[in-house]
Amino acid sequence: MNAKILVIDDVADERGMLTRRLRLRGYDATWTSSASDALQRLAQQRFDLVVADFDMPGGRGDGLLREIRASFSLCELPVIVATKDPSPAAMGAALDAGANDWTAKPFELDWLVTRMAAQLRFLSEFRRVVAAQARLQRRLQVRARMEELGFGDPKRRALLMRELQNELPTGSVSLVYQPQLHLRSGEIGSVEALIRWNSPVLGPVAPSEFIPIAEETGDIAALTEWTIERALRDRERLASRGRPVRMTVNLSASLASDSAFASRLLDLMGPHAEAVGLELTESAIFGNGEEAVANLARFAASGLRIGIDDYGSGMSSLAYLQSLPVHELKIDRSFVSRLTQSQRDPLIVRSTIELAHALELEVVAEGVEDQETLALLRVMGCDLAQGNHVGVPMSVEGLLTFLEDGSVGRLNAPLDINEFLKRAIIES
Ligand code: C2E
Ligand code: MG
Ligand code: MG
């Protein structure tokens with residue numbers, strides 16, 4: 001591809017001929033006679049190089065150069081000044097104002113092309129170094145993040161990355177499903193898909209260990225596509241047995257703002273979008289700004305249900321969430337697991353439920369570990385409950401048995417400690 005150069009020069013005579021000869025030598029020249037037009041073009045288009053007449057009448061010479069340098073560094077956009085006066089004083093002024101080199105005026109084609117080629121070689125070398133530095137910086141950040149997350153052992157990390165890349169097709173990665181109890185109907189209407197990896201080399205590896213690694217390496221996209229395909233296939237299986245539950249899949253923060261991934265995900269869902277929910281953490285939306293919000297809107301428009309995972313562990317306010325196409329709030333299990341012991345948490349959970357309902361959001365409590373917590377959540381008007389007490393994450397086979405053998409019944413049995421629970425709410 002030809003290099004794009006902007007020529008700032010007020011002599012119009014030779015433009016046509018010079019433009020043609022420059023094109024033959026690999027340069028596409030755009031001409032302008034005015035300094036203000038030049039600055040505007042530089043702001044709007046990408047040029048590889050500028051050739052500027054230094055002594056244009058009224059052309060502000062060094063003033064224009066300084067303005068260009070205010071936006072572009074010496075190494076981002078080379079500027080070659082053209083001058084009739086190659087005196088040391090004039091050249092000193094040009095270099096001082098930010099020129100990279102000079103050429104004669106009127107233009108002498110071979111000279112000009114030699115100087116431009118030298119500057120472009122330097123520019124491409126500079127860009128290569130900057131890109132290498134950015135990669136190094138990224139690697140250092142990844143390493144620091146791994147250490148922060150406790151993946152300090154570089155050998156294990158390297159092993160995990162290598163293993164993970166080879167594992168998807170081998171069957172050692174699988175999905176388990178954790179049931180969600182609808183508290184008013186007493187039925188399991190949905191399940192959360194959770195990934196499991198039982199590595200033949202490393203043994204079981206927790207998602208909290210390998211998901212952040214997959215996020216850092218970029219493997220998370222393939223892993224999530226696999227998860228969605230598998231969840232949809234398992235859902236078909238459940239539906240064929242008369243149990244068409246909704247599947248909820250976790251979406252990593254790094255994918256929330258990836259529009260190409262969003263398109264692939266919507267393709268994968270096809271007509272099944274309404275049978276699937278996505279869980280995103282608050283930081284996935286906050287940290288990723290406009291792209292994430294735009295992707296959320298596309299998901300919601302296709303019928304996907306959007307839930308905010310681990311709500312309460314981040315910084316978002318319900319008022320902000322109201323402006324997003326979100327359907328469900330999942331209260332972080334740190335609040336739920338202490339519900340019956342702490343003074344403060346029931347208050348937080350109850351007011352969160354009330355506020356969420358006022359905003360027409362459904363509320364899921366995760367981490368429900370005992371019957372008291374379940375009963376308390378029911379009294380508080382919570383919509384759905386998930387946790388080891390309702391059901392541990394299980395294979396699709398296990399889920400079918402769970403749905404068919406009446407295990408849910410025990411969860412809906414009335415409790416004689418209701419009075420105690422009501423008192424607990426009033427006190428809190
Ligand atoms: P999460 O989405 O908040 O999932 C809930 C986690 O809480 C699961 O851990 C689940 O096993 C655990 N849990 C459920 N009920 C209880 C309970 O009553 N008590 C306690 N103590 N824990 C309970 P898991 O499966 O280890 O997953 C951890 C995290 O890993 C998930 O948190 C999610 O952020 C991530 N993850 C899991 N699968 C996937 C996946 O397919 N894709 C992505 N991107 N992330 C995933
Ligand atoms: Mg989740
Ligand atoms: Mg969660």
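Scoring rules and cut-offs
Residues numbered from 1 in each chain as written. Chains lettered and ligands numbered in written order. Predicted model: local features only at pLDDT ≥ 70, side-chain atom pairs only at ≥ 80, totals over all residues. Pairing = 2+ DSSP bridges. Helix = DSSP H or I, 4+ residues; strand = E, 2+ residues; numbered from the N terminus. Right-handed = clockwise from strand over helix to strand, strands pointing away. Near = placed C-beta within 6 Å. Nonpolar A, V, L, I, M, F, W, Y, C, P; charged D, E, K, R; others polar. Buried ≥ 20, exposed ≤ 12 C-beta atoms within 10 Å, placed from the backbone. Axes fitted to C-alpha atoms, helices over the stretch in contact; angles between N-to-C directions. Core = buried A, V, L, I, M, F, W, Y, C linked by C-beta atoms within 7 Å. Contact = placed C-beta atoms within 7 Å. Parallel < 35°, antiparallel > 145°, perpendicular 65-115°, else oblique. Left-handed = near helix turned anticlockwise from the far one by under 90°.

Caption draft 1: Geometry of the pairing of strand 5 (residues 101–104). As paired elements, strand 4 (residues 79–83) and strand 5 share 4 bridges and run parallel to each other. From the neighbouring strand, Val81 faces strand 5, where its bridge partner is Trp102. On the question of chirality, the crossover connecting strand 4 to the parallel strand 5 by way of helix 4 (residues 88–97) is right-handed.

Caption draft 2: Representation of the site of ligand 1. Ligand 1 sits among 22 residues. The nearest are Ile195, Pro207, Asn250, Gly387 and Asn388. Sorting elements by how many residues they give to the shell around ligand 1 places helix 7 (residues 207–217) first, with 3 residues. Looking at side-chain class alone, the shell around ligand 1 contains 7 nonpolar, 9 polar and 6 charged residues.

Caption draft 3: The pairing of strand 4, seen in detail. Of all 5 residues in strand 4, 5 are buried, a share of seventy percent or more. Of the two faces of strand 4, the one carrying Val79, Val81 and Thr83 and the one carrying Ile80 and Ala82 are both buried. Inspection of the sheet shows strand 3 (residues 49–53) paired to strand 4 by 4 bridges, in the parallel sense. Looking across to strand 4, one finds that Val51 is bridged to Ile80.

Caption draft 4: Region of the structure containing the sheet that holds strand 5. An order of 2-1-3-4-5 is seen for the 5 strands of this open sheet, with the pairing classed as parallel. In this open sheet, the two strands that pair with only one neighbour each are strand 2 (27–32) and strand 5. Strand-to-strand, the axes of this sheet are offset by a mean angle of 25°, without reference to chain direction.

Caption draft 5: Representation of the nonpolar core within the structure. Counting residues in hydrophobic clusters, the biggest one holds 68 residues, and the most contacted among them are Val363, Ala365, Leu377 and Ala385. The greatest single-element share of this core, amounting to 5 residues, is contributed by strand 7 (residues 187–199). The contacts of Val363, once residues within four sequence positions are left out, are Leu329, Ile331, Ile353, Ala356, Cys382 and Asp383.

Caption draft 6: Representation of the packing of helix 3 (residues 61–71) against helix 4 in the model. Where helix 3 meets helix 4, the closest approach of the two axes is 8 Å, and the angle between their N-to-C directions is 20°. What the angle tells us is that helix 3 and helix 4 run roughly parallel. For the pair helix 3 and helix 4, the sense of crossing is right-handed. On helix 4, the residues touching Asp62, Leu65 and Arg66 of helix 3 are Ala93, Ala94 and Ala97. Classifying every residue of the contact of helix 3 with helix 4 by side-chain character gives 4 nonpolar, no polar and 2 charged.

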